[in-house]
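Overview (structure and organization)
Next come the chains, spelled out residue by residue.
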Amino acid sequence: MIFHPSVCSLLLFLLHGGHPDPTRAQSAGSTRHLKHEDVDSPAPTIYPPTTYSPTTERPSLPIPSYSPTQSFEVADLIAPSPPNCAPIGSRTTATPTAADDRRYDPPVISVTNTPTTPSNRPNVNGDPTDAPFRVDPPDVTFRRGDLRKDIKRLGIKVSKGITVRVIANAGRFVNFANGDKSSLPFHSSPDGAAVFPLTNGGYVYVSNSEVQDKRGGVYGVYMDDNGNVVDYKQLLSGTTRNCSGGATPWKTYVSCEEYGSGQCYQVDPDPASEHHLLPEMTVLGGKGGGNFEAVACDNRDPSNPIFFLTEDAKFGALRRFTPKPGDLPGWNTLHSPGGNTDYLLFFADGYFTWTCDEDAARKSQSLYYPNVEGIAFWENSLYFVSKKTFKMYKLDLDKMTYTTSSTNNGLVGDGEFRHQPDQIVRNHESHTNSSSQWLYFTEDGGRTPGVYTVDTETGTKYSIFEAYGEKYFGDETTGLAFSPDGSKMYACFQDCGCNVSGDLDCGCLLELSRDDGLSFDGETMALKFHSLKE
């Protein structure tokens, strides 16, 4: 069944209790389009209407047959398992049936090296600048949360001890360190991203393009070991609204589409790899697809990596994919048949489980964590955020318990984080062996979109940078990733002052570097803060 967009909007309006989302309000006469969160997967008809309040710690459960507070066994709460679904809570995979013993036949995804160049390249503030040269000082100069440094030409305030440069603007060619320019303009609507070291030296910043109607894709900005831009090219094309994704342990990127029947694609950005420029649809999205957002990987057992995939929909389902055991982990892990998919199910007493009952999982998400956005794994815990509850959820995967915390209050120092949490990223991605307790957030909406960090051990939050000025009202920060040594942060504004979201001139990529050359997770100056009125 196909719904007209206006009907979908009306249904969403009613599902939210007749109150529009205040964080997405636009000024009168604005020409900005509605953002992607206004598109949702259709609510299953088996669910009765529920009352939901973002301020409620745990929403009520009006359905007697599915009340987490009742003392039933897990098996009493969900439907019988499908034949190829492992037992609830199991990390093992059932033997595939004959019907499942086949490979996916992915669609042909063309990779165009020289797409048509826009004839009108708009003027965008903040032209790309040459890479700053500096000698790392011996003293620590960085202080997160101290936003007195005002980059007026860009309209952003950054933490003390940070230098900012513009890498690229959408619709304009990318400047290389040797004076040349890219053969194609920087992509529009940049979104999820990751950084990977390359076999032959240097690293690549991989970035999604969240454009409609099969005009999205994935692109790579290639850097040398010092962070100087040396190349820019398209890695995946012909896809729709590539939102976020995540890194694999074998240094490839999974890019996910965010629309009703979206899928996830594996992309290898390393020119030395046999799979470079040969992207392939993965099995993560299943046969029906979904409104997918982000991917995380539990690689504690390198022989058995576990993948998690979020869905940005009220009635979405956070899924876990366990590959078929026995195969050597690598590219084919995400394309081979025989793996198992199950879904997250919350209980009101702070426990959770994994279930094969997708309907029960969708009901659970609608009640507890609707519209899941970013997701990250660290040590034994899985973290994800909901843009409707303004909360971060921490799952202890060993104890099968969960806790929640607010994302939009409790900042130390300057700045504010009052709007929707979006992407969450660790400085050291899953393809490295390093660990850190710091998680970084991007923000969607409001008047001061920025990037923030939280110490997962103490819960303390700080601003890294924030935008100000009318050009950023309602914008979102995206594309958060770090250089391999952790000293450079890459982040985008998805609109960056354009008039209509999704146009060719929407988006810009920034690089923020610590002046002392240390990792963003590393030592900082003494945390003595001030008032911005000083």
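None of the values given here were measured: they were computed from a predicted structure.

Quick notes on the overall build of the protein
Across its full length, the protein holds three helices and 29 strands. Looking at the protein residue by residue over its 534 residues, the buried ones come to 57%. Contacts in the protein between residues far apart in sequence, at least 24 positions, make up 61% of those at least 6 positions apart. Element-wise, carbon and sulfur atoms account for 52% of the exposed surface of the protein, whose accessible area totals about 21,900 Å².

Some remarks on unusual backbone geometry
Of note, Lys-251 is a non-glycine position whose phi angle comes to about 65°, a positive value. Along the polypeptide, Lys-251 turns up in the loop between β10 (242-247) and β11 (253-262). In this structure, Asn-371 is a non-glycine residue whose phi angle is positive, near 55°. Position of Asn-371 relative to the elements: it lies in the loop between α3 (358-368) and β19 (372-378).

Considerations on the sheet that holds strand β28 (residues 488-493)
Ordered by their spatial adjacency, four strands build an open sheet running β3-β29-β28-β27, and the pairing between neighbours is antiparallel. Two strands in the sheet have a free side with no partner beyond their single neighbour: β3 (162-169) and β27 (477-482). Put simply, the sheet's adjacent strands are angled 20° from each other on average, direction ignored. Two strands pair when backbone bridges link them, and β3 and strand β29 (residues 508-514) are joined in this way by seven bridges, in the antiparallel orientation. Bridged to Thr-163 within β29 is Ser-513.

A look at the pairing of strand β14 (residues 290-298)
Within β14, nine of the nine residues are buried, which leaves the element mostly enclosed by the surrounding structure. Across two bridges, β11 lies against β14 in antiparallel orientation. Bridge assignment links Glu-258 to a residue of β14, and that residue is Asn-291. Where β14 and strand β15 (residues 306-311) come together, five bridges link them in antiparallel fashion. Pairing of Asp-298 across the sheet is with Ile-306, part of β15.

Digging into the state of the cysteines
Scanning the entire structure with this criterion turns up three disulfides. The disulfide that involves Cys-496 links it to Cys-508, with 2.1 Å between the sulfurs. Taking the sign of the S-S torsion, about 85° here, the bridge from Cys-496 to Cys-508 comes out right-handed. Of this pair, Cys-496 sits in the loop between β28 and β29 while Cys-508 sits in strand β29, placing them twelve residues apart in sequence. The same class applies to Cys-496 as to Cys-508, namely buried. Disulfide pairing places Cys-498 opposite Cys-506 at an S-S distance of 2.0 Å. Between Cys-498 and Cys-506, the S-S dihedral sits near 95°, and the bridge is therefore right-handed. Here the two residues Cys-498 and Cys-506 agree in accessibility, since each one is buried. No disulfide involves Cys-243; its nearest neighbouring cysteine sulfur is the one of Cys-256, lying 8.7 Å away.

As for the nonpolar core
The biggest cluster of nonpolar side chains holds 27 residues, and the ones touching the most others in it are Ile-156, Ile-464, Phe-465, Met-489, Phe-493, Leu-512 and Phe-520. Residue contributions to this core peak at four residues, all from strand β26 (residues 461-467). If you look at the next biggest cluster of nonpolar residues, it comprises 21 residues, including Phe-308, Leu-318, Tyr-368 and Ile-375.

Examining the packing of aromatic side chains
Within this structure, the stated rule accounts for 22 aromatic pairs. On the basis of an interplanar angle of 40° and a centroid distance of 5.6 Å, the ring pair of Phe-186 and Tyr-232 is categorised as tilted. Taken together, the residues Phe-186 in the loop between β5 (181-185) and β6 (190-197) and Tyr-232 in strand β9 (residues 229-237) connect sequence positions 46 residues apart. When its relative accessible area of 2% is taken as the criterion, Tyr-232 is described as buried. Here the aromatic residues Phe-346, Tyr-368, Tyr-369, Phe-384, Tyr-393 and Tyr-402 are joined through ring pairs into a cluster of three or more. Directly above the ring of Trp-438 sits Arg-144, whose terminal nitrogen or CZ lies 4.0 Å from the centroid. The ring of Tyr-468 carries Lys-157 above its face, with NZ or CZ at 5.7 Å from the centroid.

Criteria and cut-off values
- Residues numbered from 1 in each chain as written.
- Predicted model: local features only at pLDDT ≥ 70, side-chain atom pairs only at ≥ 80, totals over all residues.
- Heavy atoms only, no water.
- Helix = DSSP H or I, 4+ residues; strand = E, 2+ residues; numbered from the N terminus.
- Buried < 20%, exposed > 50% of the residue type's maximum accessible area, 1.4 Å probe, protein only.
- Contact = heavy atoms within 4.5 Å.
- Areas by Shrake-Rupley, 256 points an atom, 1.4 Å probe, with all protein chains shown as cover.
- Pairing = 2+ DSSP bridges.
- Axes fitted to C-alpha atoms, helices over the stretch in contact; angles between N-to-C directions.
- Disulfide = S-S within 2.5 Å.
- Core = buried A, V, L, I, M, F, W, Y, C linked by side-chain atoms within 4.5 Å.
- Phe/Tyr/Trp six-rings, centres within 6.5 Å; stacked < 30°, edge-to-face > 60°.
- Lys NZ or Arg CZ within 6 Å of the ring centre and 35° of its normal.

Distances and angles like these do not, on their own, reveal function.
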